[in-house]
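# Working through the structure, step by step
Residues per chain are reported as follows:
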Amino acid sequence: MDWIDFAIIVAKGGILVNAMLIAAAYMVLAERKIAAWIQNRIGPNRVGPWGLFQSFADVFKLYLKEDVVPAAADYRFHALAPVISIAVAITVYAVIPWSDAVEIGGRMISLTMAPDMNVALLVILAMTSVGVYGVALAGWSSNNKYSLMGGLRSSAQMISYELSMGLSIIGVVMIAGSLNLVDIIRGQSAGAWNVFYQPIAFIIFLVTALAETNRAPFDLPEAEPELVGGYHTEYSGMKFGLLYLAEYANMLASSAIMATLFLGGWDIIPFLDDATILGLEPGSLPLVLLQHGAFVGKSLLLVFVFIWIRWSLPRFRYDQLMNLGWKILLPLSLANIAVTGTVMLLLNR
Amino acid sequence: MPKIIIDGQSIVAKQGQTIIEAALDHGITIPHFCWHPALSVAGNCRMCLVQVGNQKKDSEGALQFMADGQPDVAWIPKMQIACATPVADGMVVDTAGKRTVDAQEAIMEFLLVNHPLDCPICDEAGQCKLQEYAFRHSRGKSRFDDEKVHKPKRVQLGPQIMFDGERCISCSRCIRFADEVAHQPVLTFVQRGDKVTIETFPGTTFDSPYSMNVIDICPVGALTSIDFRFRARVWEMSFTDSVCPGCARGCNIKIGVMNNEVLRVEPRTNMHVNTYWMCDYGRLTTPAAINDNRTDGPMIRRDGQLQSASWEEATAHAAAILKAARPQDVVVLGSAHASNEDNYALAQLASKVIKTANVDFIKHIDATFGDSQLRVPETAPNAIGAHAVGVAPGNGGYNLGQLAERIASGSVKVLVVLEDTLDSSSQRLAELAAGVDAMIVFSSKASVTAMQASVLFPAASFAESHGTFTNTMHRVQHFKPAVVTQENVRYMGMAMSRWDKFGAPNDRWTDGTRRNSRAAWRVIRDLAAALGTTWSWKSAEDVFADISQHVAAFQSMTYASLDANYGLVLGKGGQPDPVGTVYESHVLKPN
Amino acid sequence: MANVTTNIESERMTFWERIYLPEIARGLGLTLRQMFRPKFTRQYPEERWEPEGSYRGRPVLVQEEDGERCVACGLCSRVCPALAIEVRAAETDKEKERYPELFEINMLRCIYCGFCEEVCPEEAIVMSKDYELVFGSQDEGILGKEKLLIPVSQLQDRLEFLRQWR
Ligand code: SF4
Ligand code: SF4
Ligand code: SF4
Ligand code: SF4
Ligand code: FES
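Residues numbered from 1 in each chain as written. Chains lettered and ligands numbered in written order. Predicted model: local features only at pLDDT ≥ 70, side-chain atom pairs only at ≥ 80, totals over all residues. Heavy atoms only, no water.

Let us look at the overall build of chain A. A tally of regular secondary structure across chain A gives 13 helices and 2 strands. Expected size for 349 residues packed as a compact globule is a radius of gyration near 20 Å; at 21 Å, chain A falls within 12% of this value. Overall, chain A is about 60 × 50 × 45 Å in size when its C-alpha atoms are taken along their principal axes. Counting all 349 residues of chain A, 50% fall into the buried class. In chain A, 79% of the contacts between residues at least 6 apart in sequence involve partners at least 24 apart. Here chain A displays about 15,700 Å² of accessible surface, and carbon together with sulfur accounts for 71% of that area. Mean positive and mean negative side-chain charge positions of chain A (20 and 24 charges, respectively) differ by 10 Å. (Helix = DSSP H or I, 4+ residues; strand = E, 2+ residues; numbered from the N terminus. Rg over C-alpha atoms; globule rule 2.2 N^0.38 Å. Buried < 20%, exposed > 50% of the residue type's maximum accessible area, 1.4 Å probe, protein only. Contact = heavy atoms within 4.5 Å. Areas by Shrake-Rupley, 256 points an atom, 1.4 Å probe, with all protein chains shown as cover. Lys, Arg positive; Asp, Glu negative; His and termini not counted. Charge placed at Lys NZ, Arg CZ, Asp CG, Glu CD.)

See below:
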């Protein structure tokens, strides 16, 4: 690896982290705007045109706020928890296949930090599991019963839903025959997207993704009516901001993964080969850029779905949450694997 | 003994009673304005109209009953006033039937024809008998739509009494009071019909020492107190049962408090002591005695100056003074102004801890103060009690009379004074006391003696603590805390107005003075502890229990039995006097 | 007990309702439609709202040419469920012998229930249209007579509204 490779990696890292933070900030704005529209309101419209700079004002405000640490809190873990949350969220971005690789100056360059990683899917699953430490630590170190309960709920919820999430992916992996995300996308680009083969798995993944990111209707860890703010009750200032951003970063990551696994990744048109239809050279820069746009577009569409669901559905009760996870989603995902396997065996693929 | 039936209830009345009295003895209150048990019967308000009859008898003299078992009554065609109709055997009275109710409603309508209904301005509102009856016994509507009669308002009948002619319902209670109780017959009705009003005879003024009682008995707000006018509404005050400290009669009173300030005092019925009245002196001086010129926070004399100190410092300082002195050089003065509890604690301190026999108290006698009614020459409330709990020279000790000479001869080193001021005994004593080495004073008032102290303990006044006074007729009477100190935000069971109860620190009505004072018995207990003797008293009630155990005269007395029996006489703790019927004129009053 | 009919919600639901997903889709459809409906947000500081006479804004005292109507009867203070009102009475030489020497409403306590207005025997305290109440400190939130007294001419709407209901 020479210094140019190194520089490219650093540049990619810089771009990704900043893009992610800005995206997260704008997702907060989008959330507020969409919530307002659903409630027949206008939403933030005072800072900048159409309220476009609202997010920056919010972040600026959070920076200026006093950072209060409860007297009885364990301040080291209290400070560590938001760092874990945001770090884990960023790490996932390293393996998301943002775009296909293009050849520039004899180098294959793609926006992905770690392209062609053969265990990318496992990395993602592992990282989401680590993410729960951030929340659990935040809840525990605050030394507040509500925070602790939020943290506990979060761990229980993650453990329960992780199983179904992992199992729902297996169908996709079986079809693709690889854990490499790029391979999975390539497998879909020519033929049908996985969502058509694996509709049940898609729904299971969508539901578990909501649960894993603590989004409504699975936002029990921060259920305001009963737990005040849940695990982040005792957070203020930018520490709170980090926990908040991590939530949105996770949401975007989940959406991107869903787009990868089920919606054909950067494939623009389902069932057909993009390059032939658009008459562009495969692997050429314009095509790759178009495909990158498609990928981002699909991810953002899913983000919209996340937000839309939040402002439409009421929160589950805790027992309902557990019932759904263990009694419905888990058997369903197991059945999905069995059916997929049987069909594949019969078709002799 | 005539047997009568009131509202279906058979009653054995006393010979010569009127219907209203017999009914009251058995818990039935017949609406009335002009009748008062302590006054002659005037029978001019007609509010007490009831239906009266006799049970029919047949020719053999057997009582007749109706088909439903009710007595068959021959009603007297005209209704009778219950306050002036004597009971007779076999009488049947109906106080709640249709005719009676109609009559009551008609009378109320008449009384209100010319009544201004300026309740929003009237001080009586909230405890007014007319309001009460308008609520209970009237239709709530008037058919009178002409101009009401206008009469003089704001007429001063005496130095303390303001009269409003329009509100007067001409019951004549005030006139009869002036004649029969105050023995100053200066009030009279003038004019007649709906122009009738009340005046003093020319050249006279109603200034009897008991004049303000007419304010209490006036069923409406026609007579108001110039001293109190408009200071608060009744419902804004809390009323706490207490005992007047003005003289040794110990009239039973209620202390009206708002924002921790005593606004007024009014008599409480106790048939053994003051019946329904109290004197103007007690009424006017008691609030000031509690509110004004008080000590606040313990003080120690340093470099000739009294300086603030903590309770611990002051107690330690006083203990050091007492430890350094020889017992025979210490003189302990109890007080006729302090409660039995405080005096007992002090007597115990003197005999058990300091071990001095030089114990006495100052007597306060003012022959000009006494009269033939309530006021007695003994102007401190608890001389009998102080003596009874042991504030008296012990074996070989010397008394107050010898004190001045002893001080002059230099044989007094330490003077302990409870709740009294030496200049009230003699000016000379006060001057001599300045020469004593050390003076430990427990005082609720910033008196001359308090200012001379080496250690000054601010004692809680009788309105800030539980305690008992023993009056001139040897009756032990319980008083309760009406205002709070800095330490006690409230006591258990304390009467508090809505304001005082629910005010938050940023509400301005909670800014009343809270003094840093403690009941003297408590300070004495702590002082004894600092000198090595521990007493287990936690409350004034504990001290009183100790008294009733160790002092024979107080045997089998408790606060509860004192309250239930309107006080108990020394030596007769086990045999209470019968309480009888306790009449309160105005029952609408809160608390 | 034999013919007790169960009437539990879940047992009355059809299969599709129980599967829940179609209902979720319907819910999402509803919110999606709402997004395109006209908004009713008011751009507050620029667009102000003038309340009707029936509006219960901050309680104020009616002022007439010769001073306040209030006679300091203390009824409003007694009825106020939030203990927001403090009245201290004093004597005057006017025909109405009594006037409020001090009249304070703690707007941090007031809950705008209007009981004070309802109980007042003199129609001396009424609810105004003033809804813009901002205080920089707790003490500022306690309004005294100087802030409470409003000339009767400015309160006509409310007084007329009240007359309808006497
Ligand atoms: S006397 Fe009684 S009824 Fe008459 S104005 Fe006063 S409070 Fe009202
Ligand atoms: S002033 Fe009062 S007590 Fe006297 S006659 Fe009139 S109503 Fe009765
Ligand atoms: S109720 Fe009316 S008259 Fe009475 S104090 Fe309140 S505002 Fe004044
Ligand atoms: S509106 Fe209600 S809460 Fe406010 S001052 Fe009047 S009575 Fe009290
Ligand atoms: S009470 Fe009997 S007439 Fe007045």
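All right, on to the pairing of strand 21 (residues 455–458) of chain B then. Residues and elements named next belong to chain B. Side chains of strand 21 alternate between two faces, with Val455 and Phe457 and Leu456 and Pro458 buried alike. Relative to strand 21, strand 15 (residues 299–302) runs antiparallel, the two being bridged by 2 bridges. When the bridges of strand 21 are listed, methionine 299 appears paired with leucine 456. Note: strand 20 (residues 438–443) against strand 21, 4 bridges, orientation parallel. Note on strand 21: the bridge partner recorded for phenylalanine 442 is phenylalanine 457. (Pairing = 2+ DSSP bridges.)

Moving on, we get to the nonpolar core. Counting residues in each nonpolar core, the largest one holds 82 residues, and the members touching the most others are Phe33, Leu130, Phe177, Phe206 and Ile255 of chain B. The contacts of phenylalanine 33 of chain B, once residues within four sequence positions are left out, are Cys45, Met47, Met108, Leu111, Lys129, Leu130, Tyr133, Ile169, Cys171, Arg173 and Pro219 of chain B. Within the second largest apolar cluster, 73 residues are counted, among which are Ala24, Leu62 and Ile184 of chain A together with Leu28 of chain C. (Core = buried A, V, L, I, M, F, W, Y, C linked by side-chain atoms within 4.5 Å.)

Another point: the sheet that holds strand 11 (residues 223–225) of chain B. The pairing of strands in a sheet happens through backbone hydrogen bonds and is either parallel or antiparallel. All names here are of chain B. Pairing is antiparallel in the open sheet, where 3 strands are placed in the order 7-8-11. In the strand order of this sheet, the two ends are held by strand 7 (155–156) and strand 11, each with one partner. Where strand 8 (residues 161–163) meets strand 11, 3 bridges bridge the pair, whose relative direction is antiparallel. Paired with methionine 162 across the strands is threonine 224, a residue of strand 11.

This paragraph deals with the domain arrangement of chain C. Often, the extent of an interface is quoted as the loss of accessible area upon association of its parts. What the domain assignment reports for chain C is domain 1 (2–35) and domain 2 (59–165). A C-alpha centroid distance of 53 Å is found between domain 1 of chain C and domain 2 of chain C. (Domains from an automatic or database assignment.)

Structurally, serine 147 of chain A can be placed in helix 5 (residues 145–176). Setting aside its immediate chain neighbours within four residues, serine 147 of chain A contacts Gly139, Ser142, Gly230, Tyr231, Thr233 and Glu234 of chain A.

What follows deals with the site of ligand 1. In the neighbourhood of ligand 1, the contacting residues comprise His115, Asp118, Cys119, Cys122, Ala125, Cys128, Leu130, Gln131, Arg167, Val220 and Gly221 of chain B. When its residues are assigned to classes, the shell around ligand 1 shows 6 nonpolar, 3 polar and 2 charged. (Near = heavy atom within 4 Å. Nonpolar A, V, L, I, M, F, W, Y, C, P; charged D, E, K, R; others polar.)

Turning next to the site of ligand 3. Surrounding ligand 3, one finds Cys70, Val71, Ala72, Cys73, Gly74, Cys76, Phe103, Cys120, Pro121, Glu122 and Ile125 of chain C. A breakdown of the residues in the shell around ligand 3 according to their chemical character gives 9 nonpolar, 1 polar and 1 charged.

The next subject is the packing of aromatic side chains. Two aromatic rings, taken as a pair, are described by how far apart their centres are and by the angle between their planes. In the structure shown here, the tally under the stated rule is 27 aromatic pairs over all chains. For the pair phenylalanine 77 of chain A and tryptophan 140 of chain A, a centre-to-centre distance of 5.7 Å together with 65° between the ring planes defines the contact as edge-to-face. Taken together, the residues phenylalanine 77 of chain A in helix 3 (residues 75–95) and tryptophan 140 of chain A in helix 4 (residues 120–141) connect sequence positions 63 residues apart. Here phenylalanine 77 of chain A falls in the partly exposed class, since its relative accessible area comes to 31%. Residues tyrosine 344 of chain B and tryptophan 537 of chain B carry aromatic rings whose centres are separated by 6.3 Å and whose planes lie at 50° to one another, so their mutual orientation is tilted. (Phe/Tyr/Trp six-rings, centres within 6.5 Å; stacked < 30°, edge-to-face > 60°.)

Quick look at the pattern of salt bridges now. What the rule picks out here adds up to 53 salt bridges over all chains. Its salt-bridge partner being arginine 76 of chain A, residue aspartate 74 of chain A comes within 3.7 Å of it at the nearest N-O pair. Using a relative accessible area of 55% as the deciding quantity, one classes arginine 76 of chain A as exposed. Across the pair arginine 268 of chain B and aspartate 241 of chain B runs a salt bridge, and its minimum N-O distance is 3.8 Å. With a gap of 27 residues between them, arginine 268 of chain B in the loop between strand 14 (261–267) and helix 6 (280–291) and aspartate 241 of chain B in strand 12 (residues 238–243) connect regions that are remote in the sequence. We classify arginine 268 of chain B as buried; its relative accessible area is 11%. A network of salt bridges, in which partner residues are shared, links Asp118, Lys153, Arg154, Asp164, Glu166, Arg167 and Arg229 of chain B together with Glu91 and Glu97 of chain C. (Salt bridge = Lys/Arg side-chain N within 4 Å of Asp/Glu carboxyl O.)

Taken residue by residue, the interface counts 16 residues in chain A and 17 residues in chain C. Across the chain A/chain C interface, buried area totals approximately 1,400 Å², and carbon plus sulfur atoms make up 66% of it. The largest share of the area that chain A buries against chain C comes from Asn40, Arg46 and Trp308 of chain A, three residues that together contribute 39% of it. Where chain A meets chain C, there are 1 salt bridge. Two residues, glutamate 46 of chain C and arginine 46 of chain A, come together in a salt bridge whose shortest N-O distance is 3.1 Å. (Buried area = accessible area lost by both parts, 1.4 Å probe.)

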